[in-house]
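Listed here are the chains, written in short residue letters.
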Protein chains: 4
Amino acid sequence: MYETALGASTPDTITLLGQDLARDVMGTVGFGELAFWLATQRRPSPGETRLFEAVLAALADHGFTPTAIVSRLTFLSAPDSVQGALAAGLLGGGSRFLGVTEDAGRFLNSVVSAHAPREDWDALALETVRAQGKTRIPGLGHHVHKNGDPRTPRLFEIADEEGLAGPHLSLFAAIGRVHPQVLGKTLPLNGAGTCGAVLADLGLPLELLRGFALLARTAGLIGQLAEELRNPVANQIFLSVDMNTRSVAPVEE
Amino acid sequence: MYETALGASTPDTITLLGQDLARDVMGTVGFGELAFWLATQRRPSPGETRLFEAVLAALADHGFTPTAIVSRLTFLSAPDSVQGALAAGLLGGGSRFLGVTEDAGRFLNSVVSAHAPREDWDALALETVRAQGKTRIPGLGHHVHKNGDPRTPRLFEIADEEGLAGPHLSLFAAIGRVHPQVLGKTLPLNGAGTCGAVLADLGLPLELLRGFALLARTAGLIGQLAEELRNPVANQIFLSVDMNTRSVAPVEE
Amino acid sequence: MYETALGASTPDTITLLGQDLARDVMGTVGFGELAFWLATQRRPSPGETRLFEAVLAALADHGFTPTAIVSRLTFLSAPDSVQGALAAGLLGGGSRFLGVTEDAGRFLNSVVSAHAPREDWDALALETVRAQGKTRIPGLGHHVHKNGDPRTPRLFEIADEEGLAGPHLSLFAAIGRVHPQVLGKTLPLNGAGTCGAVLADLGLPLELLRGFALLARTAGLIGQLAEELRNPVANQIFLSVDMNTRSVAPVEE
Amino acid sequence: MYETALGASTPDTITLLGQDLARDVMGTVGFGELAFWLATQRRPSPGETRLFEAVLAALADHGFTPTAIVSRLTFLSAPDSVQGALAAGLLGGGSRFLGVTEDAGRFLNSVVSAHAPREDWDALALETVRAQGKTRIPGLGHHVHKNGDPRTPRLFEIADEEGLAGPHLSLFAAIGRVHPQVLGKTLPLNGAGTCGAVLADLGLPLELLRGFALLARTAGLIGQLAEELRNPVANQIFLSVDMNTRSVAPVEE
């Protein structure tokens with residue numbers, strides 16, 4: 001038998017997570033709340049929902065990123081397949097562009113779970129930064145927001161307001177304070193990394209932290225495709241590449 | 001120049017839809033509300049948000065559908081690529097399984113937009129059903145919920161509560177009333193089709209109605225993968241196929 | 001029981017299409033030949049293989065097409081997932097860019113299969129072109145090769161050399177001769193459409209003609225990714241979009 | 001300027017890899033040969049082509065693997081999108097099922113490139129196996145072909161016939177001879193791993209070895225979809241899961 005606690009139906013009923021879908025979920029449970037519930041099988045509190053939705057908002061769209069360009073170009077080539085355009089965009093959600101959230105969450109968790117609960121976060125952070133040596137610390141630094149990512153203080157603020165700042169955020173904040181002592185320069189805590197710390201503090205599955213970035217991005221990509229329908233630019237992007245192409249001789253290797 | 005009203009950033013600010021992302025969106029705008037806003041570039045009212053999120057809940061997960069099985073099997077094969085597992089699941093969101101929402105929305109809209117505003121929905125519905133001849137009407141009938149899909153009355157109810165039932169829902173309801181006269185049998189209005197009518201009444205772009213089903217399903221697929229991590233079944237599904245395989249001679253064609 | 005005539009194995013043997021894989025396929029059967037065999041479960045003749053491989057060569061790569069740009073950008077974002085970069089590129093293989101091959105093959109087949117075998121192709125072609133009215137004939141016209149697509153005469157030549165020109169190619173050639181009488185202008189038979197005619201004459205499944213274009217393109221996309229590794233341009237493409245972006249106010253709808 | 005040595009066209013010509021596509025590639029260059037050429041920008045010899053195509057044959061299809069099931073289920077759900085069904089299947093080509101080829105090639109290369117050319121492969125192999133400790137050696141062992149994978153000796157044989165067995169195959173063979181001394185048991189060299197050794201000896205880019213497994217699999221998946229059209233089983237697979245599903249209570253975490 002294949003067991004599931006998610007959706008199920010009989011001729012007369014549909015349940016989701018053990019709830020009557022029509023009566024107890026539809027019209028009552030918001031979409032962010034539902035996504036959290038589906039991932040953890042635990043209904044989040046209003047504060048958890050607010051913090052989780054703040055993360056999703058932080059990650060939804062950043063303009064013409066590679067994933068947005070990819071979705072628009074795929075929609076241009078295959079307008080009959082919205083699912084293909086969305087899937088293609090999500091496939092860019094790997095290690096480099098959308099992976100920071102997961103990398104930061106996992107990194108912080110590996111430290112947190114290897115140590116007993118504590119209060120002296122700065123000491124642990126110092127030890128952690130030193131142990132990394134020349135390896136980059138996930139979530140530290142941003143190529144545009146060099147003086148600080150505006151999403152970062154806002155996430156800390158909301159977590160505080162909701163009483164949900166846990167060990168991952170505490171360690172991440174401490175890394176933000178102590179790393180200049182080791183690295184000799186000050187780097188901002190970026191928003192994507194802070195999102196990873198928040199998601200880990202919320203108890204979401206570490207293996208799927210990237211999945212929440214992808215969920216947020218799905219909403220963003222629908223926005224990109226909607227804008228492409230109103231004000232198309234994909235063909236112009238394609239042509240600007242095409243017109244700047246030079247054919248060269250093969251380089252044997 | 002490539003113009004966008006979605007995400008934008010400078011070294012010190014990040015905006016989304018013309019708003020200050022950190023100050024005015026994060027912690028304030030729910031995820032369903034944001035997805036609606038991204039798709040229309042118009043902030044929805046609380047009632048619109050509630051109705052929209054009810055649609056997303058209705059479509060998020062239906063248990064071991066082909067898309068869920070596909071995501072789980074892909075995660076089994078390539079556990080390092082959550083984006084691949086989600087993308088593979090979404091690729092099943094085509095004409096047959098997740099397409100009803102879009103098909104129903106477009107179909108109803110083609111009728112609504114071809115006629116002047118009216119009150120006699122039953123007459124228009126009768127004409128519409130007759131004109132279809134033997135072609136299936138999208139959104140009519142359900143292979144499991146033969147006596148009625150529980151999501152359908154609930155969507156009508158929420159739309160009424162919020163004062164958002166428009167011409168698409170009105171026509172769809174009328175089709176539900178009159179089709180037995182033409183077809184000689186009574187079929188239920190299914191939930192996926194009703195979702196299409198709701199999304200069309202909410203003014204969401206018709207070309208992307210399938211996209212909202214896919215957004216809902218992304219949350220569902222994350223739930224499926226989270227459950228697969230806790231209680232894996234994908235390998236068992238694979239083995240049950242493998243053990244029931246018979247090798248046969250090629251059939252030339 | 002799930003039956004298959006494709007791959008099967010026991011502890012000591014592996015068969016493919018009823019053949020001993022190691023002894024009778026590896027080292028003996030070329031890759032184009034094998035792809036044909038897998039699709040039809042019939043081993044092609046050397047002439048069929050040559051013609052089929054000419055089609056694959058014709059469709060493998062056209063430089064910086066949207067699919068190539070998409071693969072490169074996805075590889076930039078998620079370099080850990082080659083499968084994601086290839087899959088993203090293939091997802092652009094829809095109705096507009098790679099679909100001509102399938103559309104032409106299906107269109108020609110719909111005419112051929114509706115008529116008794118015949119010799120007067122020009123008469124049937126004239127009737128066909130007239131019946132289309134203002135609807136575009138798939139495979140007719142090319143936005144770059146306005147005076148003729150070099151692939152087209154070559155495919156006819158190879159088909160003739162191998163004695164494999166059948167009704168689809170005959171009808172397509174006739175359409176090339178007669179359409180100016182109806183349309184009042186001369187359009188070239190494009191290479192992608194001719195490929196569709198060839199694949200249909202080879203008896204390959206019409207529902208999957210697009211699949212062969214995608215197989216050819218998979219080889220091309222691997223070439224694109226290999227070139228991206230040696231001489232990266234994806235980041236430059238991304239930056240050229242990014243630097244030409246202008247943030248505008250949302251357009252409510 | 002974006003440079004490419006792959007496809008290029010002017011109104012009157014199409015070139016591919018610096019060749020006149022119609023005259024010098026179509027009808028002359030086989031598909032496996034072309035795929036090799038695209039990936040390396042170097043035309044392979046007939047022997048290299050034969051060995052490369054033997055690898056592609058070895059990896060094309062293994063019956064109802066997860067990737068095959070995924071493609072068939074996606075085709076069932078979205079029959080209008082062949083590209084989606086193929087892409088979904090390829091997305092399973094990650095670390096676990098199709099990754100062995102790449103892992104073995106990279107592993108062998110990391111050893112070969114760290115040592116001066118040599119003849120005493122057994123000594124290097126012994127050192128290598130010892131250094132791995134408890135970490136699995138990619139390409140060693142097979143869950144079905146416990147007494148030997150029939151593809152392995154065939155690949156060595158073809159490589160020898162063509163004079164193309166290089167350091168990767170030599171080291172892999174030596175690992176096959178010496179590992180029992182260290183591990184205390186004899187494991188077969190599997191076919192997928194041997195393919196990785198062959199591809200590395202052929203000089204194909206290590207970062208893309210998985211890509212060649214995916215190219216082979218694309219042909220296999222088209223075969224699977226063609227068989228699904230003739231003799232459908234996807235719905236039966238779906239129903240067998242659906243009928244064996246049990247709804248359980250959520251497990252909070």
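Being a predicted model, the structure only gives us computed values, none of them experimental.

A. View of helix α11 (residues 209-230) of chain D. The terminal C-alpha atoms of α11 of chain D lie 33 Å apart, and with 22 residues this matches the ideal 32 Å at 1.5 Å per residue to within 8%. Burial analysis of α11 of chain D places 20 of its 22 residues in the buried class, the great majority of the element.

B. Molecular detail of the domain arrangement of chain A. Residues and elements named next belong to chain A. Taken as a whole, chain A is organised into domain 1 (17-95 + 207-237) and domain 2 (100-202). Taken over C-alpha atoms, the centre of domain 1 sits 25 Å from the centre of domain 2. Across the contact, 18 residues belong to domain 1 and 20 residues belong to domain 2. When the area that domain 1 buries against domain 2 is broken down by residue, the three leading residues are Arg 50, Leu 51 and Leu 209, summing to 40%. Inspection of the region where domain 1 meets domain 2 yields three salt bridges.

C. Geometry of the interface of chain B and chain A. The partner chain A presents 88 residues to the 88 residues of chain B that form the contact. Summing both partners gives a buried area of about 6,800 Å² for chain B against chain A, and 67% of it is carried by carbon and sulfur. On the chain B side of the interface with chain A, the three residues burying the most area are Tyr 2, Met 26 and Phe 31 of chain B, jointly 12% of the side's total. Where chain B meets chain A, there are zero salt bridges.

D. The arrangement of the relation of the copies chain B and chain A in detail. With an RMSD of 0.0 Å, the fit of chain B onto chain A corresponds to turning through 180 degrees and sliding 0.0 Å along the axis. Between the two chains, the operation in question is that of a two-fold axis. By C-alpha distance to the rotation axis, the residue of chain B lying nearest is Ala 87 of chain B, at 2.3 Å. Taken as a fraction of all interface residues of chain B, those also at the interface in chain A reach 100%, which identifies the copy contact as same-surface.

E. Region of interest: the side chain of Thr 128 of chain A. Residues and elements named next belong to chain A. Assignment of secondary structure puts Thr 128 in helix α7 (residues 121-132). One polar contact links the side chain of Thr 128 to the main-chain carbonyl oxygen of Leu 124, over a distance of 2.7 Å. Not counting the four nearest positions on each side in its chain, Thr 128 is found in contact with Phe 107, Val 111 and Ile 175.

F. Broad picture of the relation of the copies chain D and chain C. For these two chains of identical sequence, chain D goes onto chain C by a turn of 180 degrees and a shift of 0.0 Å along the axis, with RMSD 0.0 Å. In this assembly, 100% of the residues forming the interface of chain D have copies in chain C that are likewise at the interface, indicating an isologous arrangement.

G. View of the packing of aromatic side chains. Residue and element names in this part refer to chain B. Under the criterion given, the structure shown has 14 aromatic pairs over all chains. Measuring from centroid to centroid gives 5.4 Å for Phe 36 and Phe 52, while their planes differ by 90 degrees, and the two rings are edge-to-face. Residue Phe 36 is found in helix α2 (residues 31-40), and its partner Phe 52 is found in helix α3 (residues 46-59); the two are separated by 16 residues along the sequence. For Phe 36, a relative accessible area of 0% puts it in the buried group. Classification of Phe 52 as buried rests on a relative accessible area of 0%.

H. Inspection of the sheet that holds strand β4 (residues 19-20) of chain B at higher detail. One open sheet accounts for three strands, arranged β2-β3-β4 (chain B); its pairing is antiparallel. Bordering the open sheet on either side are β2 (7-9) and β4 of chain B, each of which pairs with just one other strand.

I. Layout of the sheet that holds strand β2 (residues 7-9) of chain A. Taking strand neighbours across the sheet as the criterion, the three strands line up as β2-β3-β4 (chain A) in an open arrangement whose pairing is antiparallel. Here the strands that pair on one side only, and so sit at the sheet edges, are β2 and β4 (19-20) of chain A.

J. Region of interest: the packing of helix α4 (residues 66-77) of chain A against helix α5 (residues 82-90) of chain A. Residues and elements named next belong to chain A. Between α4 and α5, the shortest axis-to-axis distance is 8 Å and the interhelical angle comes to 155 degrees. Of the possible angle classes, the one that applies to α4 and α5 is roughly antiparallel. Relative to α5, the crossing made by α4 is right-handed. Residue-level inspection shows Thr 67, Val 70, Ser 71, Thr 74 and Phe 75 of α4 in contact with α5, the latter providing Val 82, Gly 84, Ala 85, Leu 86, Ala 88 and Gly 89. Classifying every residue of the contact of α4 with α5 by side-chain character gives six nonpolar, five polar and no charged.

K. Focus on the environment of Gly 63 of chain A. Within the secondary structure, Gly 63 of chain A sits in the loop between α3 (46-59) and α4. Taking C-alpha positions, Gly 63 of chain A is 19 Å from Val 241 of chain A, a pair spaced 178 residues apart along the chain. Discounting chain neighbours no more than four positions away, the residues touching Gly 63 of chain A are Ala 68 and Gln 224 of chain A together with Gly 7 of chain B.

L. Up close: α4 of chain A. Residue and element names in this part refer to chain A. Across its twelve residues, α4 extends 16 Å between first and last C-alpha, which sits within 8% of the 16 Å expected from 1.5 Å per residue. Within α4, twelve of the twelve residues are buried, leaving the element largely enclosed by the surrounding structure. Within α4, the full set of buried residues consists of Pro 66, Thr 67, Ala 68, Ile 69, Val 70, Ser 71, Arg 72, Leu 73, Thr 74, Phe 75, Leu 76 and Ser 77.

M. Region of interest: the side chain of Glu 53 of chain D. Position of Glu 53 of chain D among the secondary structure elements: in helix α3 (residues 46-59). Look at Glu 53 of chain D: it is buried, it has no salt bridge, and the nearest opposite charge is Arg 50 of chain D at 8.2 Å. Those residues in contact with Glu 53 of chain D, other than ones at most four positions away along the chain, are Gly 30, Phe 31, Gly 32 and Glu 53 of chain C together with Gly 32 and Glu 33 of chain D.

Definitions and cut-offs
Residues numbered from 1 in each chain as written. Chains lettered and ligands numbered in written order. Predicted model: local features only at pLDDT ≥ 70, side-chain atom pairs only at ≥ 80, totals over all residues. Heavy atoms only, no water. Helix = DSSP H or I, 4+ residues; strand = E, 2+ residues; numbered from the N terminus. Expected span 1.5 Å × (residues − 1). Buried < 20%, exposed > 50% of the residue type's maximum accessible area, 1.4 Å probe, protein only. Domains from an automatic or database assignment. Contact = heavy atoms within 4.5 Å. Buried area = accessible area lost by both parts, 1.4 Å probe. Salt bridge = Lys/Arg side-chain N within 4 Å of Asp/Glu carboxyl O. Least-squares fit on C-alpha atoms with pLDDT ≥ 70 in both. Polar contact = N/O pair within 3.5 Å; in protein donor to acceptor, adjacent residues only side chain to side chain. Phe/Tyr/Trp six-rings, centres within 6.5 Å; stacked < 30°, edge-to-face > 60°. Pairing = 2+ DSSP bridges. Axes fitted to C-alpha atoms, helices over the stretch in contact; angles between N-to-C directions. Parallel < 35°, antiparallel > 145°, perpendicular 65-115°, else oblique. Left-handed = near helix turned anticlockwise from the far one by under 90°. Nonpolar A, V, L, I, M, F, W, Y, C, P; charged D, E, K, R; others polar. Lys, Arg positive; Asp, Glu negative; His and termini not counted.

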